[in-house]
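Architecture at a glance
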Amino acid sequence: MNKIKILIIENETLVRVGICTILEAEKDFEIVGDARTSDEGFRLFRQKHPDVTLMSLRLPESCAVDEIGNFLEFAPKAKIIILASHAGDAEINRALAGGAYGYILRNISESELTKSIRTVAAGKKYIPGEIATILSENLGRDTLTPSEQRILEMIVAGQSNKEIAFALNVSENTVKTHIKNIFEKLAVSDRTSAATSAIKRGLVRVDL
């Protein structure tokens with residue numbers, strides 16, 4: 001029986017060990033390497049040529065969404081599953097658009113974890129029901145323009161309209177217009193709600 005070769009890239013030791021323990025119990029799985037950083041993971045990826053790579057969304061000094069391109073450049077048919085602590089539709093969409101085959105959460109059951117790996121190894125995408133629901137709930141929402149995205153990031157950082165206007169070299173009225181559009185697109189009515197929605201949906205990355 002040809003075993004499914006799996007590479008695990010996860011910086012939290014307990015999580016990584018736990019995943020290894022679960023997967024090692026499956027007769028059709030073979031863990032060919034585990035790493036805690038994207039650099040170490042990429043090195044093992046080039047050496048071991050795994051069938052499936054399970055990669056944490058958040059890694060030391062990097063984000064898996066930004067790293068997928070490096071893996072696919074080396075191996076265009078690489079099958080990568082993103083493992084995340086939360087589910088924001090913006091980050092899910094970026095990961096899938098970037099080439100990820102699946103997006104699962106850390107609270108996933110053992111049976112669904114193994115199912116996701118087998119599904120992806122067979123060349124199929126794997127989107128759990130919970131993730132599909134999040135994507136469908138936000139389907140059709142207007143995309144922020146680059147200017148709106150930048151201003152939203154500054155709102156999350158706690159900057160005032162005056163500070164945003166100065167930083168972007170625009171008038172406060174222009175900033176207010178952008179913020180009004182941002183509120184409408186996010187379906188919120190104030191800055192706090194806008195910041196909360198941005199973080200929850202993964203529109204703005206915040207390192208906790």
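Nothing here was measured: the structure is a model prediction, and the numbers come from that model.

We now examine the pairing of strand 3 (residues 52-56). With respect to burial, strand 3 is a largely interior element, five of its five residues being buried. Where burial is concerned, the two faces of strand 3 agree: the one with Val52, Leu54 and Ser56 and the one with Thr53 and Met55 are both buried. Where strand 1 (residues 4-9) lies against strand 3, four bridges are found, and the strand directions are parallel. Bridging across to strand 3, Ile9 finds its partner in Met55. With four bridges joining them, strand 3 and strand 6 (residues 80-84) adopt parallel strand pairing. Pairing of Leu54 across the sheet is with Ile81, part of strand 6.

This brings us to the packing of aromatic side chains. On inspection of all chains with the given rule, the structure shows five aromatic pairs. On the basis of an interplanar angle of 65° and a centroid distance of 6.1 Å, the ring pair of Phe45 and Phe74 is categorised as edge-to-face. Here Phe45, found in helix 2 (residues 38-48), pairs with Phe74, found in helix 3 (residues 64-74); they are 29 residues apart in sequence, far enough to count as distant. Under the relative-accessibility criterion, Phe45 is labelled buried at 4%. Taken together, the ring pairs connect Phe42, Phe45, Phe71 and Phe74 into an aromatic cluster.

Our next topic: the confidence of the model for the chain. For the chain, the mean per-residue pLDDT works out to 88, and 96% of the residues sit at or above 70. Ranking the helices and strands of the chain by mean pLDDT puts strand 1 first, with 96, and strand 5 (residues 62-63) last, with 74.

Conventions adopted
Residues numbered from 1 in each chain as written. Predicted model: local features only at pLDDT ≥ 70, side-chain atom pairs only at ≥ 80, totals over all residues. Heavy atoms only, no water. Buried < 20%, exposed > 50% of the residue type's maximum accessible area, 1.4 Å probe, protein only. Helix = DSSP H or I, 4+ residues; strand = E, 2+ residues; numbered from the N terminus. Pairing = 2+ DSSP bridges. Phe/Tyr/Trp six-rings, centres within 6.5 Å; stacked < 30°, edge-to-face > 60°. pLDDT = per-residue confidence, 0-100.

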